[in-house]
Amino acid sequence: MDKDECERFCFEQNLLPTKESVGSPVEEKRHENRKIMEMKKPSNQDDSFLIIQVCVIEYETKHGYTPTELELWATLRKNPPKDYEVTFAENSITLEGQQIDREAFGKRYKRYYPSSHKK
C-alpha cells in the first residue's frame, strides 16, 4: 500500500479527521469514548520502539487519545517525528534503518497495546 492508498483508505474508513470535522459535534461524538491507553513497553527498547513512542506521544498530545494502529501508520507516513529517519516502501516502513512490514507493524502495535484488540 503506497502513501496515497493508505491515506485514501484511512479517509474512506473515517479513521482520520478532516479539516471540516475537527471540533465538530460529529467528530467529538466519534471520539468521545477514546482515551489515552497505557503503552506496554518492551524490555528491549530499540530505535523503532522509540520512534513509535515519540509519534504516539505527539498524537496523544494533539488529539487527547491514543491512535489506532491505522492512525499510527498513517501518522508515521504523513508526519513522522522530527530528528528520526523514517521512510516508506510499498508495504513497509523503515525506522532508523530497521525495515518493518505492515504485518509486523500490526503485531508490534498489539504488543504495545494488548487491550486494544480485545473484544
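Data block above holds the structure.
Here is a short report on the structure shown in this document. Treat the numbers as computed from the prediction; the structure is a model and nothing was measured.

## Topic: the overall build of the chain
Move 1: Helices and strands together make up the secondary structure of the chain, namely 5 helices and 3 strands.
Move 2: Start at the N end of the chain and walk to the C end: the helices and strands fall as α-α-α-α-β-β-β-α.
Move 3: Across the 119 residues of the chain, 35% fall into the buried class.
Move 4: Taken as a whole, the chain presents about 7,800 Å² of accessible surface, with 48% of it coming from carbon and sulfur.

## Re the packing of aromatic side chains
Move 1: Enumeration according to the criterion identifies 5 aromatic pairs in this entry.
Move 2: Note on Phe49 and Tyr112: the rings are 5.1 Å apart at their centroids and 80° apart in plane angle, and the pair reads as edge-to-face. Highlighted residues: Phe49 in helix H3 (residues 47–63) and Tyr112 in helix H5 (residues 102–112), separated in sequence by 63 residues. Here Phe49 matches Tyr112 in class, with each residue buried.
Move 3: When the centroid spacing of 5.9 Å and the interplanar angle of 75° are considered together, the rings of Tyr59 and Tyr65 count as edge-to-face.
Move 4: Judged by its relative accessible area of 5%, Tyr65 falls in the buried class.
Move 5: Pairwise contacts between aromatic rings join Trp73, Phe88 and Phe105 into one cluster.

Rules used throughout
- Residues numbered from 1 in each chain as written.
- Predicted model: local features only at pLDDT ≥ 70, side-chain atom pairs only at ≥ 80, totals over all residues.
- Heavy atoms only, no water.
- Helix = DSSP H or I, 4+ residues; strand = E, 2+ residues; numbered from the N terminus.
- Buried < 20%, exposed > 50% of the residue type's maximum accessible area, 1.4 Å probe, protein only.
- Areas by Shrake-Rupley, 256 points an atom, 1.4 Å probe, with all protein chains shown as cover.
- Phe/Tyr/Trp six-rings, centres within 6.5 Å; stacked < 30°, edge-to-face > 60°.

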